[in-house]
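# Structural characterization, general
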Amino acid sequence: MAESRNRRKDPSRGARTSRSPLKQQASSYFGHHRKVARDSARRLWQAPVASMMTWTVMGVALALPVALMLLLASLQGVSAGWESSARVTAYLAEEVTLDQAETLRQDVAKDSRVTEVELIDRDTALAEFRASSGLEDALDYLNENPLPHTLLVTPSDTSRTADGIQTLLAVIEGMDGVEQVQVDLGWLQRLNAMTELLGRAAWALALLLAAAVVLVIGNTVRLSIENRRDEILVAKLVGGTDAFVRRPFLYTGAWFGLGGGVVAWLLLQLSLWWLSGPVERLAGLYSSDFSLSGLTLDGILALIIAAVLLGWLGAWVAVKRHLDDIEPGEIAGG
Amino acid sequence: MIEFQQVTKRYDSDHTALRQVNFGLERGELAFLTGHSGAGKSTLLKLVMVMERPSAGEVVVGGQVLSRLPRRQVPYIRRHIGVVFQNHHLLFDRTVFDNVAMPLEVMGTPARDIGRRVRAALDKVGLLSKEKMNPMQLSGGEQQRVGIARAVVNKPPVLLADEPTGNLDPQLSADIMGLFAEFSQVGVTVLIASHDIALINELGRRTLTLDQGRLVSGGGGLHG
């Protein structure tokens, strides 16, 4: 070892002579990585039931928060759709004449946050109401039209957020002659608040379950360290570095992670397929275009990479806790 | 090659395993280390392997002062020291070949060199025909020889053996000692801990005798 290090430092040697052992070292290093990766994968296959159980535990733990997040993404899609169709209805005071209402309409239309204002005069409103409510007979008993003139305001694209509409609402409400302003945002705000709450819950759940995954993998790897104690002792005895001894276990953790990620993805696809029919029917009943969205390719990749990292982390925790304690001092008797 | 300078090893206040041990072994020298059990033989070997650190004094192996060696460097020192144990510590989940190949794999030796060098080591101990067997199928003497092949496969300058003939009959023991003598002839420094006095006397080599942690005979060496 000391010899090869000196050789590399020695500037008098040509690049040709010094590169070849370095190259050789690198290729044997990567060769060893491949061998260890293959070997630890083979060990998992040799205990298929135990491995499958670990993969399933990990898959369930990962699928739960991801499913919740997918649901949230779908819900946010709904609220975004509704915001774009939100319109503000301004009921004018009863004493406002049609001319005044028309001036008011033009005033509101000047606002840059507004794309369109439609004036519905009280007679049209009454006719529409009469047609749609089925209260024709009852309305005939009224002496005069109880309905005010109404402005239907369509907000511009930029102010179609909950906040933007709220400000617009305040502005219109402050105008002379406007009696009452209404926008059906209440349920949307409730939905938003709910999705926000759910979002936080999903993250908290994700963190907790990620910790659980790390612990599960850590424990599994701890058992495999115990099983291979002799091998670790011998490897340390013949001069294996800590990195060399850790490597197979880190790969084991990563393989557990990969399997867990794939199981999580399968579970998600399966439940999506199972739920999508009823969800569409339900959404149809509410005449909504709501649909559950699955994972995109990026999402699948991110899920699996996260799973591999968690598995690796779990293995690393176990290795740090247990492997460094195994010292060949105990191999030789007193 | 191995040098102990005033080495003391104290495990706790009332147990001192080695007291001011002084000796040196030249390159290619073969010596026995003897004494009652508990006299400090294993402790001495552990100090050479850097499984333990001395409480006082210096242990020098191949010019390296081990007491100042950082923990990260320990594996690299161990690659220069072959060790043979009484119960050989072979792994029964792999073949004889894979057992012997371990020191080379640890060093990152290229695969084709591994094959060549493992077979050379197995040939040396006369087990070339059994490379594909599981060590469990071998006899005690053969297992011990596999252990020796593993200890010498990377041609270490130092070879330590802890009771290598403990479980073997006299004929097998003599064979194994013969192997150690051959290694010392090609320049390997060999130190064998043993209490098989008859065998030691028969070979007539330098003998370091420990008694309650003190080196009572066979000391000196490199610097007189």
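Predicted model, so just to flag it, every value in this text is computed and none were measured. (Residues numbered from 1 in each chain as written. Chains lettered and ligands numbered in written order. Predicted model: local features only at pLDDT ≥ 70, side-chain atom pairs only at ≥ 80, totals over all residues.)

### A word on the overall build of chain B
From N to C terminus, chain B includes 7 helices and 10 strands. Taken over the C-alpha trace, chain B has a radius of gyration of 17 Å; the compact-globule value for 224 residues is 17 Å, and the two agree within 12%. A total of 224 residues make up chain B; the buried ones form 45% of that total. The contacts in chain B between residues at least 6 apart in sequence include a share of 69% that link residues at least 24 apart. (Helix = DSSP H or I, 4+ residues; strand = E, 2+ residues; numbered from the N terminus. Rg over C-alpha atoms; globule rule 2.2 N^0.38 Å. Buried ≥ 20, exposed ≤ 12 C-beta atoms within 10 Å, placed from the backbone. Contact = placed C-beta atoms within 7 Å.)

### Observations regarding the overall build of chain A
Per the secondary structure count, chain A includes 11 helices and 4 strands. Evaluated residue by residue, chain A yields a buried proportion of 25% over its 334 residues. Within chain A, residue pairs in contact and separated by at least 24 positions form 83% of the contacts whose partners lie at least 6 positions apart.

### Structural notes on the sheet that holds strand β4 (residues 56–61) of chain B
If you walk across this open sheet you meet the 4 strands as β2-β1-β4-β5 (chain B), and the pairing is antiparallel. One side of each edge strand has no neighbouring strand; the edge strands of this open sheet are β2 (15–25) and β5 (64–65) of chain B. (Pairing = 2+ DSSP bridges.)

### Examining the nonpolar core
Counting 106 residues, the largest nonpolar core has Val100, Ala149 and Leu160 of chain B as its most contacted members. Setting aside residues no more than four positions away along its own chain, Ala149 of chain B makes contact with Val100, Ala121, Leu122, Lys124, Val125 and Leu127 of chain B. In this structure, Leu92, Ala101, Leu168 and Ile172 of chain A belong to the second largest nonpolar core, which totals 12 residues. (Core = buried A, V, L, I, M, F, W, Y, C linked by C-beta atoms within 7 Å.)

### Overview of the sheet that holds strand β4 (residues 178–183) of chain A
Residue and element names in this part refer to chain A. As summarised here, the arrangement of the 4 strands in space is β2-β3-β1-β4, forming an open sheet in which the pairing is antiparallel. The two strands at the open ends of the sheet, each matched to only one other strand, are β2 (114–120) and β4. The average angle at which neighbouring strand axes cross in this sheet is 20°, direction not considered. Note that β2 and strand β3 (residues 150–155) share 6 bridges and pair antiparallel. Counterpart to Val117 in the pairing with β3 is Val153. Across the sheet, helix α4 (residues 98–110) is in contact with β1 (88–92), β2 and β3; its angle to β2 comes to roughly 170°. (Axes fitted to C-alpha atoms, helices over the stretch in contact; angles between N-to-C directions.)

### Observations concerning the interface of chain A and chain B
Taken together, the 24 residues of chain A in the interface contact 24 residues of chain B. Taken together, the elements giving at least two residues each to the side of chain A that touches chain B come down to α2 (15–46) and α9 (229–237) of chain A. Among the elements that take part in the side of chain A that touches chain B, α2 of chain A stands out by supplying 6 residues, more than any other. Tallied by class, the residues present in the side of chain A that touches chain B amount to 10 nonpolar, 11 polar and 3 charged. (Nonpolar A, V, L, I, M, F, W, Y, C, P; charged D, E, K, R; others polar.)

### Notes on the domain arrangement of chain A
Split into domains, chain A comes out as domain 1 (33–81 + 190–326) and domain 2 (87–183). On a C-alpha basis, the centres of domain 1 of chain A and domain 2 of chain A stand 54 Å from each other. (Domains from an automatic or database assignment.)

### A closer look at the packing of helix α3 (residues 96–107) of chain B against helix α5 (residues 140–152) of chain B
Residue and element names in this part refer to chain B. At their nearest, the axes of α3 and α5 sit 7 Å apart, and the two run at 30° to each other. In this structure, the crossing between α3 and α5 has a hand that is right-handed. Of the residues in α5, those in contact with Val96, Asn99, Val100, Met102 and Pro103 of α3 are Val146, Ala149 and Arg150. Here the residues of the contact of α3 with α5 are counted per class, giving 6 nonpolar, 1 polar and 1 charged. (Left-handed = near helix turned anticlockwise from the far one by under 90°.)

### Quick notes on helix α10 (residues 242–285) of chain A
Its 44 residues give α10 of chain A an end-to-end C-alpha distance of 62 Å, which sits within 8% of 64 Å, the value for a rise of 1.5 Å per residue. The sharpest bend along α10 of chain A measures roughly 40° and falls at Ser276 of chain A, with the proline Pro278 of chain A sitting one to four residues further on. (Expected span 1.5 Å × (residues − 1). Bend = angle between axes of the 7 residues up to and from the residue.)

### Considerations on the packing of α3 of chain B against helix α4 (residues 111–124) of chain B
Residues and elements named next belong to chain B. One way to put it is that α3 packs onto α4 with a least axis distance of 9 Å and a crossing angle of 120°. Classified by the angle their axes make, α3 and α4 are oblique. The two elements α3 and α4 meet at a crossing, and its hand is right-handed. Facing α3, whose interface residues are Phe97, Val100, Ala101, Leu104 and Glu105, α4 presents Ile114, Arg117, Val118, Ala121 and Leu122. For the contact of α3 with α4, the residue count by class is 8 nonpolar, no polar and 2 charged. (Parallel < 35°, antiparallel > 145°, perpendicular 65-115°, else oblique.)

### A closer look at the confidence of the model for chain A
Residues and elements named next belong to chain A. Across chain A, the average pLDDT comes to 82, with 87% of residues at or above 70. No element of chain A has a lower mean pLDDT than helix α1 (residues 2–9), which averages 43, and none a higher one than helix α11 (residues 297–323), which averages 92. Here residues 1–19 scores under 50 on pLDDT; set against residues more than four positions off or in separate chains, the count is 8 contacts. (pLDDT = per-residue confidence, 0-100.)

### Things to note about α9 of chain A
Note on helix geometry: an α-helix contains 3.6 residues per turn, so any two residues three or four positions apart are oriented the same way. Where α9 of chain A is concerned, the buried positions are Ile232, Leu233, Val234, Ala235, Lys236 and Leu237 of chain A. The inward-facing, buried residues of α9 of chain A contact α10 and α11 of chain A together with α2 (74–78), β6 (81–85) and α3 of chain B. Backbone geometry just downstream of α9 of chain A places Gly239 of chain A in the positive-phi region, at approximately 100°.

### What to know about the environment of Leu160 of chain B
Residue and element names in this part refer to chain B. As for its placement among the helices and strands, Leu160 is situated in strand β7 (residues 158–162). Spatially, the C-alpha atom of Leu160 lies 8.6 Å from that of Phe85, the residues being 75 residues apart in sequence. If we ignore the near neighbours within four places in the chain, the residues touching Leu160 are Leu45, Val48, Met49, Ile81, Val83 and Leu191.

### Brief notes about the pairing of β4 of chain B
All names here are of chain B. The pairing of strand β1 (residues 2–12) with β4 spans 5 bridges and is classified as antiparallel. For Glu3, the partnering residue across the bridge sits in β4 and is Val60. Pairing of β4 with β5 involves 2 bridges; the strand directions are antiparallel. Residue pairing across strands places Val61 opposite Gln64, the latter belonging to β5. A loop of 2 residues connects β4 with β5, the two strands running antiparallel in sequence, and Gly62 in this loop sits at a positive phi of about 55°.

### Structural notes on the environment of Val221 of chain A
All names here are of chain A. Here Val221 is to be found in helix α8 (residues 186–227). By C-beta crowding, Val221 is classed as buried, having 27 other C-beta atoms within 10 Å. With 156 residues separating them in the primary sequence, Val221 and Pro65 have C-alpha atoms 24 Å apart. In contact with Val221, other than residues within four places in its own chain, are Phe249, Thr252, Gly253, Gly314, Ala315, Ala318 and Val319.

### What to know about the environment of Tyr11 of chain B
Residue and element names in this part refer to chain B. Its location among the elements puts Tyr11 in strand β1. With 12 C-beta atoms counted inside 10 Å, the residue Tyr11 sits in the exposed group. Sequence separation between Tyr11 and Ala193 is 182 residues; the distance between their C-alpha atoms is 21 Å.

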